[in-house]
Structures are given as C-alpha cells and as structure tokens.
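Observations on the model geometry
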Amino acid sequence: MEIAPGIRRVGGCLLKVFLLEEAGEITVVDAGLPGHWKELAVELAAMGRSLDDVRALVLTHAHSDHVGFAERIRRERAVPVSVHADDAALARGETKQVRDEHGPGYAGWSLRALAGFAVFAISHGGLKVTPIAEVGTFIDGATLDVPGA
C-alpha cells in the first residue's frame, strides 16, 4: 500500500514493514514476522521491483516482531541489516527481550485483542524468529547511507 510517493507499507495489519524507494533502490524498514516475507515480495512486485532491488534493511529496534525475516534476507540476498547499537546484541540473539516496565505493555488491551494478536503472530511465524547472524549498527542522530537516507 502506498503511504506517500516513495514510501509503501507491506501488509495491512498489526505490524508494519515499510519500503522506501529512491532511484529504483529499496530500503526495508523493519522485518515484521517471518510470514511477512511473502507479503514483501508481493508489495515489491506491485512497485515494479523485486528482491534484487533491496539494498538495505534497517530495524527500528530488535524486538521479535520487527526482526522476522531479517536473517533470511541477509543470508539469502546478502542485504545488510542495521540496528541501533543498543539493540545489536538482542538482534543477534545474544540477549533476551525483556519487558520495559515503563513501556505501554499490554495495559488496556482486551482479552479479545490479546488473543487476536496471538493468533496473528502465530500464523505469521512469530514462534520461530531467527536471530540475525550479522548486523551493522548506528547511533542516535546518524544519517544512514541507504536509499531514502
């Protein structure tokens, strides 16, 4: 789905994966869950692009619902994956995700909403997220040398 010229969203559901296009090259922002892989190919095709046009994957953070297909695109397509330096160990699977006691958590979510998210996550491979073997890092305020910098 086109959000604005040069910016598209993969899938139309709870988790967001964005595509930034610049001069025919693509940066993927976040990798959703493993099941978003198929939706990625569909959205690229709708743009007249393919996985061959993807130059980078940038993760906003390394929670499991953001790193879904990251290792696959890195391994199979040699697409470099970058994440904030503070999340690199989590992205590589060296540390475990911990709940942020100051974050929003699931407060205010109904049981129905929680169940719906669980079904969605399971159906999109959320139980088998693979750590990323190699990640590049950046720090706050960095301008990345990727399409759509």
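All values derive from a computational prediction rather than experimental measurement. (Residues numbered from 1 in each chain as written. Predicted model: local features only at pLDDT ≥ 70, side-chain atom pairs only at ≥ 80, totals over all residues. Heavy atoms only, no water.)

1. Considering the overall build of the protein chain
Broken down by element type, the protein chain carries 4 helices and 7 strands. Moving toward the C terminus, one meets the helices and strands of the protein chain in the order β-β-β-β-α-β-α-β-α-α-β. Within the protein chain, the proportion of its 149 residues that are buried is 38%. Relative to all contacts within the protein chain whose residues are 6 or more apart in sequence, the contacts with residues 24 or more apart total 68%. Summed over all atoms, the accessible surface of the protein chain reaches about 8600 Å², with 55% contributed by carbon and sulfur. (Helix = DSSP H or I, 4+ residues; strand = E, 2+ residues; numbered from the N terminus. Buried < 20%, exposed > 50% of the residue type's maximum accessible area, 1.4 Å probe, protein only. Contact = heavy atoms within 4.5 Å. Areas by Shrake-Rupley, 256 points an atom, 1.4 Å probe, with all protein chains shown as cover.)

2. Brief notes about the environment of A56
Take A56: it is sitting in strand β5 (residues 54-58). Accessibility expressed as a relative area gives 4% for A56, which makes it buried. Between the alpha carbons of A56 and V79 there is a distance of 5.5 Å; along the sequence they are 23 residues apart.

3. Some points on the sheet that holds strand β7 (residues 136-138)
Within a beta sheet, neighbouring strands are joined by backbone hydrogen bonds and run either parallel or antiparallel to one another. Judged by pairing direction, the sheet is mixed, and its 7 strands sit side by side in the order β1-β2-β3-β4-β5-β6-β7 without closing on themselves. The sheet is open, and its two borders are formed by β1 (2-4) and β7, each paired with just one other strand. On average, adjacent strands in this sheet sit at an angle of 30° to one another, irrespective of strand direction. As paired elements, strand β6 (residues 81-84) and β7 share 3 bridges and run parallel to each other. Across the sheet, residue S82 finds its bridge partner in β7, namely G136. (Pairing = 2+ DSSP bridges. Axes fitted to C-alpha atoms, helices over the stretch in contact; angles between N-to-C directions.)

4. A closer look at the nonpolar core
Judged by nonpolar contacts, the single largest core of 27 residues is most densely connected at V28, L40, L57 and I73. Of all the secondary-structure elements, those providing two or more residues to this core are β3 (17-22), β4 (25-29), α1 (36-46), β5, α2 (70-77), β6 and α3 (88-91). (Core = buried A, V, L, I, M, F, W, Y, C linked by side-chain atoms within 4.5 Å.)

5. Considerations on the packing of aromatic side chains
Summed over all chains, the structure comprises 1 aromatic pair. On the basis of an interplanar angle of 65° and a centroid distance of 5.7 Å, the ring pair of W37 and F69 is categorised as edge-to-face. Separated by 32 residues along the polypeptide, W37 in helix α1 and F69 in the loop between β5 and α2 bring together distant segments of the chain. Exposure class is identical for W37 and F69. Each is buried. (Phe/Tyr/Trp six-rings, centres within 6.5 Å; stacked < 30°, edge-to-face > 60°.)

6. Side note on the environment of Q97
Within the secondary structure layout, Q97 lies in the loop between α3 and α4 (111-123). Here Q97 falls in the partly exposed class, since its relative accessible area comes to 41%. Between the alpha carbons of Q97 and H63 there is a distance of 6.7 Å; along the sequence they are 34 residues apart. Once residues lying within four places of it in the same chain are set aside, the contact partners of Q97 are H63, S64 and L90.

7. Concerning the pattern of salt bridges
Close approach of charged atoms lets side chains of opposite charge pair. Evaluated as defined, the whole model comprises 10 salt bridges. Salt-bridge contacts for R75 lead to E76; the nearest nitrogen and oxygen are separated by 3.8 Å. (Salt bridge = Lys/Arg side-chain N within 4 Å of Asp/Glu carboxyl O.)

8. What to know about the side chain of D53
The residue D53 is located in the loop between α1 and β5 in this model. Nearest to the buried, unbridged D53 among oppositely charged side chains is R49, at 4.6 Å. (Lys, Arg positive; Asp, Glu negative; His and termini not counted.)

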